[in-house]
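Spelled out, the chains give:
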Amino acid sequence: MSGGLYVEARIRVDLDLLWERSQDPAQHQRWDLRFTRIAYLPGAEGEPQRFTYGVRVLPGFLVSGTGISAGERHRPDGTRTSALRFACAHPLSFLTEGRGYWRYVPCAEDGLRFLTGYDYEPRWGRPGRLADRLLFRPLMGWATAWSFDRLRLWCERGITPERALWRGLGEVAARLLVVLAAAWAALPAAVPVLLAAVLLPPLPGTPAARRCLRRPPGRGPSAASAAAPPALLDRLERP
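In this report, we go over the structure that sits alongside the text.

What counts and what doesn't
Residues numbered from 1 in each chain as written. Predicted model: local features only at pLDDT ≥ 70, side-chain atom pairs only at ≥ 80, totals over all residues. Heavy atoms only, no water. Pairing = 2+ DSSP bridges. Helix = DSSP H or I, 4+ residues; strand = E, 2+ residues; numbered from the N terminus. Axes fitted to C-alpha atoms, helices over the stretch in contact; angles between N-to-C directions. Contact = heavy atoms within 4.5 Å. Core = buried A, V, L, I, M, F, W, Y, C linked by side-chain atoms within 4.5 Å. Buried < 20%, exposed > 50% of the residue type's maximum accessible area, 1.4 Å probe, protein only. Salt bridge = Lys/Arg side-chain N within 4 Å of Asp/Glu carboxyl O. Bend = angle between axes of the 7 residues up to and from the residue. Phe/Tyr/Trp six-rings, centres within 6.5 Å; stacked < 30°, edge-to-face > 60°. Patch = residues over 30% accessible without salt bridge, like charges linked within 9 Å, V, L, I, M, F, W, Y side chains within 5 Å. Areas by Shrake-Rupley, 256 points an atom, 1.4 Å probe, with all protein chains shown as cover.

**Quick look at the sheet that holds strand 3 (residues 49–58)**
- On the basis of which strands lie adjacent, the open sheet formed by seven strands has the order 1-7-6-5-4-3-2 and antiparallel pairing. The sheet terminates laterally at strand 1 (5–11) and strand 2 (37–40), the two strands that pair on one side only. Along the sheet, successive strands turn relative to each other by an average axial angle of 20 degrees, direction set aside.
- Along the sheet, helix 1 (residues 15–23) contacts strand 1, strand 2, strand 4 (61–72), strand 5 (80–87), strand 6 (95–106) and strand 7 (112–122); its crossing angle with strand 6, the most-contacted strand, is approximately 170 degrees.
- Against the sheet, helix 3 (residues 125–157) engages strand 1, strand 6 and strand 7, with an angle of about 155 degrees to strand 7.

Laid out in structure tokens, this is it:
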């Protein structure tokens, strides 16, 4: 999955709780900006789980797709992993199909490494690939990292995803108001105020994409193994 997106967060939480909040569709859709709705479809126990998902692209307008996922909850090394494939035939969907994985890696010192790697095919040929490289892929990477930190705040500090969203919107609005006030008053400090509004880190209780890693950390076999797609992914059929 070279060239795909990678995001990793360090979360100090029990493994079972993180698994539940990321694998249960009702909880997953609360913190992940990339999805508006996720619903499992009926299926036989022990078989890969099929699901539908929806993304709100306009107010009141939902673009839906389908997917298939499977998880390994008990692995010899103490980690857990899940993999999925997804596809969307809707002409307004920027993505045609994709694949990805999550890994849950306990750390000896404290907490867990929660990481994902995924990639997808954009729609609309060459113009779509250009738009993906310049705009959509960076936006997807940011949304994934912001969502992972939103999940971290929920697990570590009990800040619900809904409250975290309002905190984020409130902090952005406050920064914009400070910049506008400085510019309107023509203060000499308007430029430093603008730089501070952009560069200062968000408050500790506000989600921030910058708190997540966007490349696999370290070098060596252990780092490469954690970031490599699991064999489970290759066994999933296309939805």
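**A few points about the nonpolar core**
- In this structure, Ile 11, Leu 18, Trp 31, Tyr 104, Phe 114, Phe 148 and Leu 151 are the most contacted members of the largest nonpolar core, which totals 20 residues.
- The biggest single contributor to this core is helix 3, with six residues.
- With sequence-adjacent residues up to four places away left out, Phe 148 is seen in contact with Val 7, Ala 9, Trp 31, Trp 102, Phe 114, Leu 115, Thr 116 and Cys 212.
- Listed in part, the 13 residues of the second largest apolar core include Phe 51, Phe 94, Tyr 118 and Met 140.

**Quick look at the pattern of salt bridges**
- Scanning the model with the defined rule gives 17 salt bridges in all.
- Among the ionic pairs, Glu 237 bridges to Arg 50, the shortest N-O distance being 2.4 Å. Linking Glu 237 in the segment after helix 7 (231–235) with Arg 50 in strand 3, this pair joins segments that are 187 residues apart in sequence.
- A relative accessible area of 47% means that Glu 237 is categorised as partly exposed.
- In the salt-bridge network here, residues are joined through shared partners; they are Glu 72, Arg 75, Asp 77 and Arg 235.

**A closer look at helix 3**
- The sharpest bend along helix 3 reaches about 60 degrees and sits at Asp 132.
- Just downstream of helix 3 lies Gly 158, where phi reads positive at about 75 degrees.

**Comments concerning the packing of aromatic side chains**
- Inspection of the entire model under this criterion finds 13 aromatic pairs.
- Their ring planes at 40 degrees and their centres at 4.4 Å tell us that Phe 94 and Phe 136 sit as a pair that is tilted. Taken together, the positions of Phe 94 in the loop between strand 5 and strand 6 and Phe 136 in helix 3 put the pair 42 residues apart, joining distant regions of the chain.
- Overall, Phe 94 belongs to the buried group, its relative accessible area being 12%.
- Where Tyr 120 meets Phe 136, the ring centres are 6.1 Å apart and the plane angle is 90 degrees; that geometry is what we call edge-to-face. One end of the pair, Tyr 120, is in strand 7; the other, Phe 136, is in helix 3, with 16 residues separating them in the sequence.
- Residue Tyr 120 is classed as buried on the basis of its relative accessible area, which comes to 4%.
- Since its relative accessible area comes to 22%, Phe 136 is described here as partly exposed.

**A look at a nonpolar patch on the surface**
- Taken together, Val 191, Leu 194, Leu 195, Val 198 and Leu 199 make up a surface patch of nonpolar side chains, about 480 Å² in accessible area.
- Along the chain, Val 191 turns up in helix 5 (residues 190–199).

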